[in-house]
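Listed here are the chains, written in short residue letters.
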Amino acid sequence: VALHIPWDKVDDYAALQAYAESLGLELGAINPNLFQDDDYKLGSLAHPDERVRAKAIAHCLECIEIAQTVGSRDISLWLADGTSSPGQDHMRSRKHRLLDSLQEVYAAMPAPMRLLIEYKFFEPAFYHTDLGDWGMAYLMATKLGDRAQVLVDLGHHPLGTNIEQIVALLLDEGRLGGFHFNNKKYADDDLTVGSINPYELFLIFNELIDGERDPAVHMDVAYMLDESVNIKVKIPAMIQSVVNVQVAYAQALLIDREALREAQETGCVIQAEEVLLDAYRTDVRPLLAAMRDELGLDPDPIAAYLRSGYQEKIVAKRGVSGSGSGY
């Protein structure tokens, strides 16, 4: 479970880690919050005021200490830094300030801790974003060092972006550090994984599995669900996302890679695509249900949750239903 600081701030992080372990959980990436404070209206690590930059850096250093305490390896960094009007700030100066700040943060991270640099092409800044795409994040990572990696959020791209190509390139460069899985229809909607474009998710897993099977590729990727669940009941919605990821992964495992490579090398375009479609069109849900049964788990995770009564228990305990009441 990833922590966002200060949203998840506690007095005793060692006690929090022990409690998580008692539940069979591990604490994952630590996410600094560099956008909520009024001081960050004009940016955080790239802010023109040295005082604000120092404040942002200090918060990142605090998150590094938290990560060390709870045994987390990754600092996951998303910046809202940017400008909303032409001429608001000097773009190249912002790049220099951002790099200087990141270098200070990176220098404070003990090995094997990693800095996962996320990007987003717009929002909340509407003219330019300091880390607007994968290339900008990659540039910063290469300037910082081997333990700086790029984090890909599926919702953080312009419509039509070939995300699987970005994944393949970052894998080949050894710079793919993490994923935020979600889905979008228009912009960064943070919808349930696979709810809008399951074929895109399948093609992304195709590249990931191809990397896993290539001895020349070093795979060390952190995966996270990063969604804004508003209308759906939250826990079953997250279970739905996990199941959708499992389906896409299982489908991608079914790709006949020898046939695919042969078709690619001989220029058989239709045959290559048919190999992919043959795997994608395979209904893997019975296979996944059988595997869960073999592991002593319920074959239908969502139905199991609904039967458990846990949703009704927490609603009664907290006195509110949270999101929508319908499953």
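Here the structure is a predicted model, which means the values were calculated and not measured.

A. The arrangement of unusual backbone geometry in detail. Here the residue pair Ile-5 and Pro-6 is connected by a cis peptide bond, since its omega of 15 degrees sits within 30 degrees of zero. Locating Pro-6 in the fold gives a position in the loop between β1 (3-5) and α1 (13-22). Of the consecutive residues Glu-123 and Pro-124, the connecting peptide bond is found in the cis state with omega at 5 degrees. Mapped onto the elements, Pro-124 comes out in the loop between β5 (114-118) and β6 (128-129). For Glu-123, which is not glycine, the phi torsion reads 75 degrees and is therefore positive.

B. Local environment of the nonpolar core. One finds Ile-30, Leu-45, Ile-75, Leu-115, Ile-117, Leu-176 and Phe-179 to be the most contacted residues of the largest nonpolar core, which totals 69 residues. It is helix α2 (residues 50-70) that provides the largest number of residues to this core, a total of nine residues. Once you skip the residues sitting within four places of it in the chain, Ile-30 turns out to touch Leu-3, Ile-5, Cys-63, Ile-66, Ala-67, Val-70, Ser-72, Asp-74, Ile-75 and Ser-76. If you look at the next biggest cluster of nonpolar residues, it comprises eight residues, including Ile-239, Val-247, Leu-288 and Tyr-305.

C. Structural view of the packing of aromatic side chains. Tallying each qualifying case throughout the model produces 14 aromatic pairs. Arranged with centres 4.8 Å apart and planes meeting at 65 degrees, the rings of Tyr-199 and Tyr-280 form a pair that is edge-to-face. Residue Tyr-199 is found in helix α6 (residues 198-212), and its partner Tyr-280 is found in helix α9 (residues 269-280); the two are separated by 81 residues along the sequence. Looking at Tyr-280, the relative accessible area reads 22%, which means it is partly exposed. Each member of the aromatic cluster is reached from another via a ring pair, and the members are Phe-179, Phe-181, Phe-205, Tyr-223 and Tyr-249. Note that Lys-55 overlies the ring of Tyr-40, its terminal NZ or CZ placed 5.6 Å from the centroid.

D. Local environment of a nonpolar patch on the surface. There is a patch of nonpolar side chains on the surface, built from Val-1, Tyr-19, Leu-23 and Leu-25 and spanning about 410 Å² of accessible area. Inspection of the secondary structure puts Val-1 in the segment before β1.

E. Layout of the pattern of salt bridges. Under the criterion given, the structure shown has 17 salt bridges. Here Asp-89 ties to Arg-97 by a salt bridge, and the two come within 2.6 Å at their closest N and O atoms. Judged by its relative accessible area of 15%, Arg-97 falls in the buried class. In the salt-bridge network here, residues are joined through shared partners; they are Asp-37, Asp-39, Arg-51 and Lys-55.

F. Up close: the packing of helix α3 (residues 91-107) against helix α4 (residues 134-144). Between α3 and α4, whose axes approach to 10 Å, the crossing angle comes to 50 degrees. Here α4 runs oblique to α3, going by the angle between their axes. Classified by chirality, the crossing of α4 by α3 is right-handed. Taken together, the residues of α4 that come into contact with α3 (itself represented by Lys-95, Leu-98, Leu-99, Leu-102, Gln-103 and Tyr-106) are Leu-139, Met-140, Lys-143 and Leu-144. Along the lines of polarity and charge, the residues of the contact of α3 with α4 split into seven nonpolar, one polar and two charged.

Procedures and definitions
Residues numbered from 1 in each chain as written. Predicted model: local features only at pLDDT ≥ 70, side-chain atom pairs only at ≥ 80, totals over all residues. Heavy atoms only, no water. Helix = DSSP H or I, 4+ residues; strand = E, 2+ residues; numbered from the N terminus. Core = buried A, V, L, I, M, F, W, Y, C linked by side-chain atoms within 4.5 Å. Buried < 20%, exposed > 50% of the residue type's maximum accessible area, 1.4 Å probe, protein only. Contact = heavy atoms within 4.5 Å. Phe/Tyr/Trp six-rings, centres within 6.5 Å; stacked < 30°, edge-to-face > 60°. Lys NZ or Arg CZ within 6 Å of the ring centre and 35° of its normal. Patch = residues over 30% accessible without salt bridge, like charges linked within 9 Å, V, L, I, M, F, W, Y side chains within 5 Å. Areas by Shrake-Rupley, 256 points an atom, 1.4 Å probe, with all protein chains shown as cover. Salt bridge = Lys/Arg side-chain N within 4 Å of Asp/Glu carboxyl O. Axes fitted to C-alpha atoms, helices over the stretch in contact; angles between N-to-C directions. Parallel < 35°, antiparallel > 145°, perpendicular 65-115°, else oblique. Left-handed = near helix turned anticlockwise from the far one by under 90°. Nonpolar A, V, L, I, M, F, W, Y, C, P; charged D, E, K, R; others polar.

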